Amino acid sequence: MPSWDYEQVMKEISMEESWKSRLSSEFQKPYFRQLTDFVRAEYSTYRCFPPGGQIFSAFDHTPFDDVKVVILGQDPYHGAGQAHGLCFSVCDGVPFPPSLKNIFQEVQAETGAPIPQSGSLMRWARQGVFLLNTCLTVREHQAFSHSGHGWEVFTDAVIGMLSRERDGLVFLLWGAPAGRKAQMIDAGRHLILQCAHPSPLSAFRGFFGCGHFNEANRYLISHGKTPIQW
């Protein structure tokens, strides 16, 4: 098979149809062709995460019209068994990474909800929380190893599409890289909440006490939407 076969790539991409149809033109652009070849080569040469069938899990579990809240991460966890395609989330039974532990701590402080036993955020995704990493793949033990190869162009297109075609969404932008995406979002149509990243290196500089989870729900309710059970 040639290095690029659009029909074959479309068959290989596991993505919920409402997203796949909207992004079909993006899949045909030259940068995505190069990205596809890069990802294929990386997965065939190195151990990469998440597993190939879970690269687009965020899209699979939160259809376009169901999105209510967008949380932006950076790239997937790069340890074995952790990443499964949802930012900040880990598979059932995997110990909580420090950032996720801090997220749960802030949720508990704001809402009183107990710390969950599982680090999977699938329950958020099913309620309309779109858990998007700006880079969707990574090489084992090498953070940011797949950045700069086209994923950011793709996920910027996704963010722009949500901003243009939806109304009344909440964007949670934690840390400087996520915060830079604010310029792509129409603040007149959506709520943009920014603060420090939940990493232990920065959580005490504004993530703890940010109030984002309660503020997001107040906004959703004011727009006639069901709040998230964090």
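Residues numbered from 1 in each chain as written. Predicted model: local features only at pLDDT ≥ 70, side-chain atom pairs only at ≥ 80, totals over all residues. Heavy atoms only, no water.

Okay, the overall build of the chain next. Check the secondary structure of the chain and you find 9 helices and 6 strands. Taken over the C-alpha trace, the chain has a radius of gyration of 17 Å; the compact-globule value for 230 residues is 17 Å, and the two agree within 12%. Each principal axis of the C-alpha atoms in the chain carries an extent, and together these give about 55 × 35 × 25 Å. The burial tally for the chain puts 54% of its 230 residues in the buried class. If you average the places of the 20 positive and of the 22 negative side-chain charges in the chain, the two averages end up 3 Å apart. (Helix = DSSP H or I, 4+ residues; strand = E, 2+ residues; numbered from the N terminus. Rg over C-alpha atoms; globule rule 2.2 N^0.38 Å. Buried < 20%, exposed > 50% of the residue type's maximum accessible area, 1.4 Å probe, protein only. Lys, Arg positive; Asp, Glu negative; His and termini not counted. Charge placed at Lys NZ, Arg CZ, Asp CG, Glu CD.)

What follows is about the pattern of salt bridges. Taken as a whole and judged by the stated rule, the model has 7 salt bridges. The partner of Lys-29 in a salt bridge is Glu-26, and the shortest N-O contact between them spans 3.1 Å. Look at Lys-29 and you get partly exposed, because its relative accessible area is 36%. A salt bridge links Arg-189 to Asp-167; the shortest N-O distance between them is 2.7 Å. Placement of Arg-189 in the loop between α8 (176-179) and β6 (191-195) and of Asp-167 in the loop between α7 (151-165) and β5 (170-174) is noted, with a sequence separation of 22 residues between them. (Salt bridge = Lys/Arg side-chain N within 4 Å of Asp/Glu carboxyl O.)

Take the state of the cysteines next. For the coordinates displayed, the defined rule picks out 0 disulfides. Free of any disulfide, Cys-48 has its nearest neighbouring cysteine sulfur in Cys-135, separated by 11 Å. Judged by its relative accessible area of 8%, Cys-48 is buried. (Disulfide = S-S within 2.5 Å.)

Next up on the list: the environment of Arg-139. Tracing the backbone shows Arg-139 in strand β4 (residues 138-139). A relative accessible area of 17% means that Arg-139 is categorised as buried. Put simply, Arg-139 and His-78 are 61 residues apart on the chain and 6.5 Å apart in space, counted from C-alpha to C-alpha. In this view, Arg-139 contacts Glu-42, Tyr-46, Arg-47, Cys-48, His-78, Ser-145 and His-146; residues no more than four positions away in its chain are not counted. (Contact = heavy atoms within 4.5 Å.)

Here the focus is the pairing of strand β2 (residues 69-73). By the criterion of burial, β2 is predominantly enclosed, with 5 of the 5 residues buried. Across the two faces of β2 the burial is the same, with Val-69, Ile-71 and Gly-73 and Val-70 and Leu-72 all buried. The pairing of β2 with β5 spans 3 bridges and is parallel. Bridging from a neighbouring strand, Ile-71 pairs with Leu-172 of β5. (Pairing = 2+ DSSP bridges.)

With that settled, consider the packing of helix α3 (residues 30-45) against α7. In helix packing, the relevant descriptors are the interaxial angle and the interaxial distance, both defined with respect to the helix axes. Packing of α3 against α7 leaves a shortest axis separation of 9 Å and a crossing angle of 125°. Put simply, α3 runs oblique to α7. Relative to α7, α3 is oriented so that their crossing is left-handed. Two secondary-structure elements touch here, α3 through Tyr-31, Phe-32, Leu-35 and Val-39 and α7 through Trp-151, Val-153 and Phe-154. Classifying every residue of the contact of α3 with α7 gives 7 nonpolar, no polar and no charged. (Axes fitted to C-alpha atoms, helices over the stretch in contact; angles between N-to-C directions. Parallel < 35°, antiparallel > 145°, perpendicular 65-115°, else oblique. Left-handed = near helix turned anticlockwise from the far one by under 90°. Nonpolar A, V, L, I, M, F, W, Y, C, P; charged D, E, K, R; others polar.)

Quick look at unusual backbone geometry now. Comment: phi is negative for the bulk of residues other than glycine, and the bulk of peptide bonds are trans. Cis geometry is found at the peptide bond from Phe-49 to Pro-50, where omega equals -5°. Positive phi, close to 70°, is recorded for Phe-88, a residue that is not glycine. Assignment of secondary structure puts Phe-88 in the loop between β2 and α5 (98-111). A positive phi angle is found at Phe-144, which is not glycine, with a value near 65°. Relative to the assigned elements, Phe-144 resides in the loop between β4 and α7. On the basis of relative accessible area, Phe-144 is assigned to the partly exposed category, the value being 45%.

With that out of the way, let us pick up the side chain of Ser-57. Its place among the elements puts Ser-57 in helix α4 (residues 57-61). Residue classification places Ser-57 among the buried residues on the basis of a relative accessible area of 6%.

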